[in-house]
Amino acid sequence: MFKPGATLTSDNATATLAAGLQAIAAGQATIDLSDVATVDSSAVAILLAWQRAAQQKGQALQFGVLPANLQSLVDLYGAASLLGAPTSASDRHH
């Protein structure tokens, strides 16, 4: 299972994106975001790119429960349905 580091920001977006794409190309179907603590809008773009890459392979990609700060950005951009993620914190408990 691919697990990016604690930061998903513009500072490491290119490297993190590439590492995730390599993992997906190698057959990874789950990305563990549990260690992610610092995000910016680049994180949402990275997740969408990973999801798109998996879909192009005909593969489902799971992210699990998103950290609260990342979930907030996903909600803000209206990207939850594209990522297969809950649309709010309360949805994560159902």
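Preceding this paragraph is the structure being described.
The present account deals with the structure reproduced in this document. These numbers were taken from a predicted model, which means no experiment stands behind them.

**Some points on the overall build of the protein chain**
- Along the backbone of the protein chain there are 4 helices and 2 strands.
- From first element to last, N terminus to C terminus, the protein chain shows the α and β order β-α-β-α-α-α.
- Considering the protein chain as a whole, with its 94 residues, one finds that 39% of them fall into the buried category.
- If you take every contact in the protein chain between residues at least 6 apart in sequence, the share linking residues at least 24 apart comes to 73%.
- Accessible surface computed for the protein chain: about 4,900 Å², of which carbon and sulfur atoms make up 54%.

**Overview of helix α2 (residues 41–56)**
- Its 16 residues place the ends of α2 23 Å apart at the C-alpha level, agreeing with the 22 Å of an ideal helix rising 1.5 Å per residue.
- Among the residues of α2, those classed as buried are Ser 42, Ala 43, Val 44, Ile 46, Leu 47, Ala 49, Trp 50, Gln 51, Ala 53 and Ala 54.
- Buried positions along α2 lie against β1 (7–8), α1 (13–25), β2 (38–39), α3 (68–76) and α4 (80–83).
- For α2, the N-terminal cap is Asp 40; the gap from its side-chain oxygen to the backbone nitrogen of Ser 42 is 2.8 Å.

**Let's talk about the pattern of salt bridges**
- Evaluated as defined, the whole model comprises 2 salt bridges.
- Of the charged contacts, one joins Asp 32 and Lys 3 as a salt bridge, the two residues approaching to 3.6 Å between their closest N and O atoms. In this pair, Asp 32 is assigned in the loop between α1 and β2 and Lys 3 in the segment before β1, connecting sequence segments 29 residues apart.
- Residue Lys 3 is classed as partly exposed on the basis of its relative accessible area of 41%.
- One salt-bridge network, in which partners are shared between bridges, spans Lys 3, Asp 32 and Asp 35.

**Here's the deal with the packing of aromatic side chains**
- What the rule picks out here adds up to 1 aromatic pair.
- On the numbers, 5.6 Å between centres and 85° between planes, the contact of Phe 2 with Trp 50 is edge-to-face. Taken together, the residues Phe 2 in the segment before β1 and Trp 50 in helix α2 connect sequence positions 48 residues apart.

**Re α3**
- Those residues of α3 lying buried are Leu 70, Gln 71, Leu 73 and Val 74. Axial view of α3: buried residues confined to an arc of 160°, hence all on one face. α3 presents Ala 68 and Leu 76 as exposed residues on the side facing more than 90 degrees away from its buried surface.
- Check the buried side of α3 and you find it contacts β2, α2 and α4.

Quick notes on the rules
Going along each chain's sequence as written, the residues are numbered from 1 onward. Thresholds applied to this predicted model are a pLDDT of at least 70 for local features of residues and 80 or more for the giving and counting of side-chain atom pairs; totals over whole chains, interfaces and linings are not thresholded and use all residues. Side-chain measures here rest on the full set of heavy atoms in the structure, leaving out hydrogens and waters. Only DSSP runs of H or I with at least four residues qualify as helices, and only runs of E with at least two residues qualify as strands; both kinds are numbered from the N terminus onward. Exposed residues in this analysis have more than 50% of their type's maximum accessible area, buried residues have under 20%, and partly exposed residues fall in between, with area computed by a 1.4 Å probe over protein chains only. Note on definitions: a residue-residue contact is assigned when non-hydrogen atoms from the two residues lie within 4.5 Å. In short, Shrake-Rupley with a 1.4 Å probe defines the accessible areas, and a residue's cover is counted only from the protein chains shown. Expected span of a helix, by definition, is 1.5 Å for each gap between consecutive residues, and there is one gap fewer than residues. Side-chain atoms alone can form a polar contact between residues adjacent in sequence; in general such a contact is a pair of N or O atoms within 3.5 Å, and within protein one must be able to donate a hydrogen while the other accepts it. Between Lys or Arg on one side and Asp or Glu on the other, a salt bridge is scored when a side-chain nitrogen of the former is within 4 Å of a carboxyl oxygen of the latter. Ring pairs shown here join Phe, Tyr and Trp side chains whose ring centres sit within 6.5 Å, with only the six-membered ring taken for Trp; geometry is labelled stacked below 30 degrees between planes, edge-to-face above 60, and tilted in between. Working note: the arc is built from the helix axis to C-beta atom directions.

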